[in-house]
Amino acid sequence: MITRCNHIPVRLLKFPLRLEIACLLVASLGLEVLGCPANAGSLKKAWAEVDTFRFNEAVRSFASQEGREALFGQAVAMLNSQPRTQNKIREAISIFEKLSMENSCDPIGALGRYYAGRAYQLHLDPPEREKALASYRSALDLGSGLPLVETAAVSIIFIEVYDGPNSGALERLESLEPLAEKLRTQIGLREFHTTMGYAYLNFAKTDTNRQRALTHLLEADRLKATRPQAEAELWVAIGETANHLGQRETALTYYRKFADTYKRDRRNHLIRERIKSENDGK
Amino acid sequence: MNWERVSNTIGISLIALCFAVSLGRIITLRKEERPGEEGRTINLRIAYYQLEGGVREAMEAIGKKYTDLHPNAHITLMPIPERIFKNWRITQLVGQTPPDLIQLGSGLGEEQLARYFEPLGEAVDRPNPYNKGTPLENTAMRETFFEAMQSGAGAGQIEYYGVSASVGTIRMFYNMALLKEITGSTEIPKTYRDFIRLCEQTRNFSEKTGRKIVPVGGAGYNASILLDYLFSGQTQRLLQSAINKPGQLSPRAPANRVADTYWKNEWSLHSPEVVSGIELMGDVAKEIQPGFAQLQRDDAIFYFSQGSAVMIPSGTWDAVSLETFCPFPIATGQLPLPDPSDPVYGKNTYGPVSEADQGAAFTLAVPRDAKNPEVAKDFLLFMGSMGASKIWTDTSDWPPAIAGVEPSPKASEFTPKDSGYPAGFPINNLGADSRRVVLNNFHLLIGPGGSTEAFLTAIEPEFAGALETDIRRSVRTTRDLLRRTDSLAASLSLRATDNSPEARKLDLLIQMNTATERGIYESINALRNKP
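Residues numbered from 1 in each chain as written. Chains lettered and ligands numbered in written order. Predicted model: local features only at pLDDT ≥ 70, side-chain atom pairs only at ≥ 80, totals over all residues. Heavy atoms only, no water.

**Overview of the overall build of chain B**
From N to C terminus, chain B includes 18 helices and nine strands. Reported as C-alpha extents along the three principal axes, the dimensions of chain B are approximately 75 × 75 × 60 Å. By residue count, 55% of the 531 residues in chain B fall in the buried class. For chain B, the exposed area adds up to about 22,600 Å²; of that, 54% sits on carbon and sulfur atoms. For chain B, the distance from the average site of its 54 positive side-chain charges to the average site of its 61 negative ones is 3 Å. (Helix = DSSP H or I, 4+ residues; strand = E, 2+ residues; numbered from the N terminus. Buried < 20%, exposed > 50% of the residue type's maximum accessible area, 1.4 Å probe, protein only. Areas by Shrake-Rupley, 256 points an atom, 1.4 Å probe, with all protein chains shown as cover. Lys, Arg positive; Asp, Glu negative; His and termini not counted. Charge placed at Lys NZ, Arg CZ, Asp CG, Glu CD.)

This is the structure we're talking about:
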C-alpha cells in the first residue's frame, strides 16, 4: 500500500536508497580507475610534478618507475606529500640513507646524504639536530662538487651557531671556518662566506669580529651573487660595515655601486646621503 | 479553466525557452572560441576583480590596440566582484575551466601559483619585442618594471608568472569644495602642522554650522594604513640606532629583530620614539570619525562622498571611482607625515618614506589550463610594453607599472616617490597577536578620557608574549615554504648542467633559500635567547 499526500511512499524510500548506494559504488570504482594512471609516465613528468608542488602525484609517478633516481624522487616528494606524518618523513630518510650507503659516489648518493640532513633538520618536528649535523658533515666529506650538497655547510652554521646560546656563538662560529676547505664550487663557497659574514655581523661584540665579517662578505661578493636582492644586501652590508670600521674607500666603492645599480631600493636615498656626507668630510 | 494546467504550461515553456537560449549561447561561444580554424577568432577571456573606475576602460583600450595588431584575436573582459573572486578563481582552476588570463592577488599563494599558472620563462630576461623602437628596446623585460615583476614572481623568484599594469600608492584625497568652504582657500596641507590646522578648522566649522563634518573619513582598513605610516615615521631612527646592528640596514624592519631587541630591553614601549609614535597615532585617530575601526572600506568612501569628511586616505585604486562618484572636485596629496623640522615629532624621523619598490597592482597571469596559452602570453607581453602602459595610464588615470612611461596628469600624483628613507617599524603590524593586543586596547588611547599612559599600561603585560607567538608562527610558516622549495632544489640539481637554465634557476633558488633559512634561524636564535 502506498500512502500519498504528505507522506513519502515507504516502498519508494527503499528503492532510491539502493539505487543511490549502487551509483555511489559504481562512481567510486570509476574514480578509482580514473585515478590510476593508465600510463606510468616518465621521470621527467614526475619531476615536473615536483616543480609544480604536486607532491602526491609525484610520489605515485616515481613509485611506478625503477632505479635510483626514481627512488630518490619518491623520497623527495614524500617529504611534502599529504598527509604529512613523521612516519612518512622517517621512511623518506631511510630511503635517502639507503641510497647513499649503496653508492655515495654518484649524485644521487651525495644528494641522498644531504637530503637526509635536510629531513632531520627541517622536516622532522622536533628536528633531530645531531643527526642533521652528522648527515651534513658526511655529505661534505664526500667532496661531490655539487653546489646544493655544499650548502650543507650553510645549514651547519645555522644549527651550530644560531640554534644555541648567544654566549659562545662567536667561538662556535670561528670553529667552523675550516668548513671552507671542503667546498669546491663557486656557489658553495659564496653561500658559505655570505653566511659567515652575516653571522659575524649578527653576533659581533668587537670591531675585530666585524672585520672578520667584512672579509667574508668581500669574498662572497668576489664570488658574485646572481640574485639581485642578494647582491643588494651584500653591497649595503659591505658599505655599512666598512663605514663603521672607518674604511672609507671600501665604503664609498660599495655605496656607489649600490646607489647606481639599485635605484629603486628604499635605501637608495639614504645611501646617497652617506656618499655625500663621506665626500663632504673628505 | 484549469489554472493549474495553465501555470504548469507557462512554467515548462519558460524553462524550455531558457534552456534553448542557453544552448544557443553555448554553441555560439564554442564557435567563437575554436582556435586555429580559418576565419575564426581567438577569444581571449580575461577575469579580474578590481572593478574600480578606470580599469575596464583601460583594458578595453589595450584590448582594442591588441586586436588592431592581431585581427584574429577577440578580447572578452570578465569583471568578477572581489567578494566572490577568490572562490570563483579556485573553482575555475581546479575544475580546469579557467579563462585565458586571471588576476593574481586576493589570497593566491606561491603554491597555487606554481601549481595552476604558466611561467613566462626566459621571456622576462629578454627585451620585450613590443618595446622595439622605444627607449626600453634593449632592456630585459623584468627590469622595465618599477618593482622588477616581484608581484608576479613565484617561490624563490626563479619563475615569473604575472605582468602588472599599475603600481599602488596611498594618498590623501581632499574634498575641495568643503576645503574652500572651511578655510576660504584651495590649498591642501603640505606639512603635518598644516594638516592639524585643517582638522581644527574643520571641527570649529562643524560646531559653528551644526553640520556633522569630520576632518578624516576612515574605516578599519584605510585608517590603519594611515596610523601605521605615522607610527613607522617615528621609529625610523630607532630602527637604525637600537634594532639594526652595525652593517645591518634593511629596506624594511624585520619583525624578528624588532622582537629580539624588545625582549632584550634595547627598546621598550616607553622609549621616547615609541611614546611619540603612539601620541601621534592618538592625535590623528581623534580626527577620524568615531567608530571607524568597525567600518568597512565602502562605508568610509560613502561617508566621504556624502561630504561628511574633508579628507580620506586611500589608494590609487580608488582615485577614479572617487572622482566619478563624488559630486565635488577632488585633489590629492601625500600623507601628513611630520618632517624633521616638526617641533614635536621631527626629532625621531629622517624624513618622507621612500616608495621606491612599491608593490604593483592589477597583475594578470596565464592559467595552465587556459584554452589559448600562447596568445595569452603574447597579450601579457603587449600589456607590459611601454605603448600599452601609456594607454593604461592615459585611459585609467592609474600610474603605469613601467618605469619611463609618462603618467597621465592625474596619475602623476600617484607615481611612487623614490626619494625618501626606509620606514621604521609599525607597532600594529608585527604579527597577528601583537596586532590584536594593540587593537583591543586602542579605545584606551582614543576613546573618551583616553591617554597614551592608559594604552601603554594595558598593552605592556601582553606585548612580549604576543610577539613571541607571532615569531613562532612566522618560523612555522617560513619553514613550510622552505620545505616545499627544498624539493624544487632537488629537481633542479639533477637537471642542472653547465650554464643550463636549470643551473641558473638552481643558483637563484639556493640564494633565496639561504636568505630564508637565515631569517628562520635569526628568529630561532631570538626565541632561544629570550630572557
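Here the narrative resumes, following the displayed structure.
**A look at the interface of chain B and chain A**
The parts lose accessible area when they come together, and the size of an interface is often stated as this lost area. Counting residues at the interface gives 59 residues for chain B and 65 residues for chain A. Across the chain B/chain A interface, buried area totals approximately 5,800 Å², and carbon plus sulfur atoms make up 54% of it. For the chain B face of the interface with chain A, the top three residues by lost area are B:Leu249, B:Arg483 and B:Tyr521, together amounting to 12%. Residues B:Arg495 and A:Asp51 are paired through a salt bridge, measuring 2.8 Å at the closest nitrogen-oxygen approach. The interface formed by chain B and chain A holds 33 residue pairs in polar contact (both at pLDDT 80 or more) in total. Taken together, the elements giving at least two residues each to the side of chain B that touches chain A come down to α4 (110-116), α17 (452-495) and α18 (501-528) of chain B. A class-by-class count of the residues in the side of chain B that touches chain A yields 22 nonpolar, 17 polar and 20 charged. (Contact = heavy atoms within 4.5 Å. Buried area = accessible area lost by both parts, 1.4 Å probe. Salt bridge = Lys/Arg side-chain N within 4 Å of Asp/Glu carboxyl O. Polar contact = N/O pair within 3.5 Å; in protein donor to acceptor, adjacent residues only side chain to side chain. Nonpolar A, V, L, I, M, F, W, Y, C, P; charged D, E, K, R; others polar.)

**Concerning the environment of B:Gln248**
Within the secondary structure layout, B:Gln248 lies in the loop between α8 (236-243) and α9 (255-263). Look at B:Gln248 and you get buried, because its relative accessible area is 10%. Leaving out residues up to four positions away in the same chain, B:Gln248 has contacts with A:Asn202, B:Gln240, B:Ile243 and B:Arg257. Polar side-chain contacts of B:Gln248 include one of 2.8 Å to the backbone nitrogen of B:Lys245.

**Examining the sheet that holds strand β4 (residues 162-167) of chain B**
All names here are of chain B. Across the sheet, five strands lie side by side as β2-β1-β3-β9-β4; this open sheet has mixed pairing. Both outer strands of the open sheet, β2 (73-79) and β4, are each paired with one neighbouring strand and no more. Neighbour-to-neighbour, the strand axes of the sheet open up by a mean angle of 20°, direction not taken into account. In the sheet, strand β1 (residues 42-48) pairs with β2 via seven bridges, with the strands oriented parallel. Residue pairing for β2: Arg-45 is matched across the bridge by Thr-76. (Pairing = 2+ DSSP bridges. Axes fitted to C-alpha atoms, helices over the stretch in contact; angles between N-to-C directions.)

**Some points on the environment of B:Lys417**
Residue and element names in this part refer to chain B. Tracing the backbone through its elements, the reader meets Lys-417 in the loop between α14 (386-396) and α15 (432-440). Judged by its relative accessible area of 31%, Lys-417 falls in the partly exposed class. Those residues in contact with Lys-417 that sit more than four places away from it in its chain are Arg-171, Gln-334, Ser-354, Glu-355, Ala-356 and Ser-412.

**Notes on the confidence of the model for chain B**
Model confidence for chain B is summarised by a mean pLDDT of 91, while 97% of its residues fall at 70 or above. As scored by the predictor, the complex reaches a pTM of 0.87 and an ipTM of 0.87. (pLDDT = per-residue confidence, 0-100.)

**What about helix α3 (residues 82-94) of chain B?**
Structural remark: α-helix, 3.6 residues per turn; residues separated by three or four positions point the same way. Residue and element names in this part refer to chain B. Taking 1.5 Å of rise per residue, 13 residues should cover 18 Å, and α3 covers 19 Å from first to last C-alpha, within 8% of that figure. Inspection of α3 places Phe-85, Trp-88, Arg-89, Gln-92 and Leu-93 among the buried residues, and these make up the whole buried set. Residues of α3 that are buried make contact with β1, β2, β3 (101-103) and α4. (Expected span 1.5 Å × (residues − 1).)

**Observations concerning the packing of aromatic side chains**
Residue and element names in this part refer to chain B. Summed over all chains, the structure comprises 31 aromatic pairs over all chains. An angle of 55° between the planes, with centres 5.0 Å apart, marks the rings of Tyr-49 and Phe-85 as tilted. Of this pair, Tyr-49 sits in the loop between β1 and α2 (55-69) while Phe-85 sits in helix α3, and the two are 36 residues apart along the sequence. Across the pair, Phe-85 and Tyr-49 agree in class, each one buried. Between Lys-530 and the ring centre of Trp-263, over which it is positioned, the NZ or CZ distance is 5.6 Å. (Phe/Tyr/Trp six-rings, centres within 6.5 Å; stacked < 30°, edge-to-face > 60°. Lys NZ or Arg CZ within 6 Å of the ring centre and 35° of its normal.)

**Thoughts on the sheet that holds strand β5 (residues 170-175) of chain B**
Residue and element names in this part refer to chain B. The strand order β6-β7-β5-β8 describes an open sheet built from four strands, whose pairing is mixed. Looking at the sheet topology across the chains shown, the edges are occupied by β6 (214-216) and β8 (330-333). Across the sheet, the mean angle separating the axes of adjacent strands is 25° when strand polarity is ignored. In the sheet, β5 pairs with strand β7 (residues 309-315) via five bridges, with the strands oriented antiparallel. What sits directly across from Arg-171, in β7, is Ser-314. Where helix α5 (residues 176-183) meets the sheet, it contacts β5, β7 and β8, and its direction lies at approximately 60° from that of β5.

**Points about a nonpolar patch on the surface**
Taken together, B:Ile10, B:Leu14, B:Leu17 and B:Val21 make up a surface patch of nonpolar side chains, about 400 Å² in accessible area. Relative to the assigned elements, B:Leu17 resides in helix α1 (residues 3-33). (Patch = residues over 30% accessible without salt bridge, like charges linked within 9 Å, V, L, I, M, F, W, Y side chains within 5 Å.)

**What to know about the pattern of salt bridges**
Evaluated as defined, the whole model comprises 58 salt bridges over all chains. In this structure, A:Glu249 engages A:Arg248 in a salt bridge whose closest nitrogen and oxygen atoms are separated by 3.5 Å. You can call A:Glu249 exposed: its relative accessible area is 52%. Judged by its relative accessible area of 23%, A:Arg248 is partly exposed. In this structure, B:Arg472 and B:Glu468 form a salt bridge, with 2.9 Å as the shortest nitrogen-oxygen distance. Here the residue B:Arg472 and the residue B:Glu468 both occupy positions in helix α17, the gap between them amounting to four residues, near one helical turn. Taking relative accessible area as the criterion, B:Arg472 reaches 39% and is therefore assigned partly exposed. Salt bridges here are not isolated pairs; linked through shared partners, they connect A:Arg68, A:Lys98, A:Glu102 and A:Asp106.

**Examining the nonpolar core**
If you look at the biggest cluster of nonpolar residues, it comprises 221 residues, and the most contacted ones within it are A:Phe72, A:Tyr115, B:Phe117, B:Phe379 and B:Ile427. It is α17(B) that provides the largest number of residues to this core, a total of 13 residues. Residues contacting B:Ile427, with those up to four places away along its chain left out, are B:Phe231, B:Leu269, B:Val274, B:Ile278, B:Met281, B:Val438, B:Ile459 and B:Phe463. In terms of nonpolar packing, the next biggest core, distinct from the first, is built from 13 residues, B:Ala219, B:Ala300, B:Ala319 and B:Ile330 among them. (Core = buried A, V, L, I, M, F, W, Y, C linked by side-chain atoms within 4.5 Å.)

**What to know about unusual backbone geometry**
Residues A:Gln82 and A:Pro83 are joined by a peptide bond in cis, for which omega reads -5°. Inspection of the secondary structure puts A:Pro83 in the loop between α4 (68-78) and α5 (86-102). In this chain, A:Asp125 is followed by A:Pro126 through a cis amide linkage whose omega measures 5°. By the element assignment, A:Pro126 lies in the loop between α6 (107-123) and α7 (129-141). Within the chain, B:Ala148 stands out as a residue other than glycine whose phi angle is a positive 50°. Its place among the elements puts B:Ala148 in the loop between α4 and β4. Relative accessible area serves as the criterion here: at 18%, B:Ala148 is assigned to the buried category. The phi torsion at B:Asp397 lies on the positive side, around 65°, for a residue other than glycine. Tracing the backbone through its elements, the reader meets B:Asp397 in the loop between α14 and α15.

**Here we look at α18(B)**
Taking 1.5 Å as the rise per residue, α18(B) with 28 residues should run 40 Å; its terminal C-alpha atoms sit 40 Å apart, in good agreement. Judged by how many residues are buried, α18(B) sits mostly within the fold: 21 of 28 residues are covered.

**Focus: the packing of helix α11 (residues 297-305) of chain B against helix α12 (residues 316-325) of chain B**
All names here are of chain B. At a minimum axis distance of 12 Å, the contact between α11 and α12 shows a crossing angle of 40°. What the angle tells us is that α11 and α12 run oblique. Seen from above, α11 lies across α12 with right-handed handedness. Contact with α11, carried on its side by Arg-297, Ile-301 and Phe-304, involves Trp-317, Asp-318 and Leu-322 of α12 and no other residues of that element. Taken together, the residues that form the contact of α11 with α12 break down as four nonpolar, no polar and two charged. (Parallel < 35°, antiparallel > 145°, perpendicular 65-115°, else oblique. Left-handed = near helix turned anticlockwise from the far one by under 90°.)

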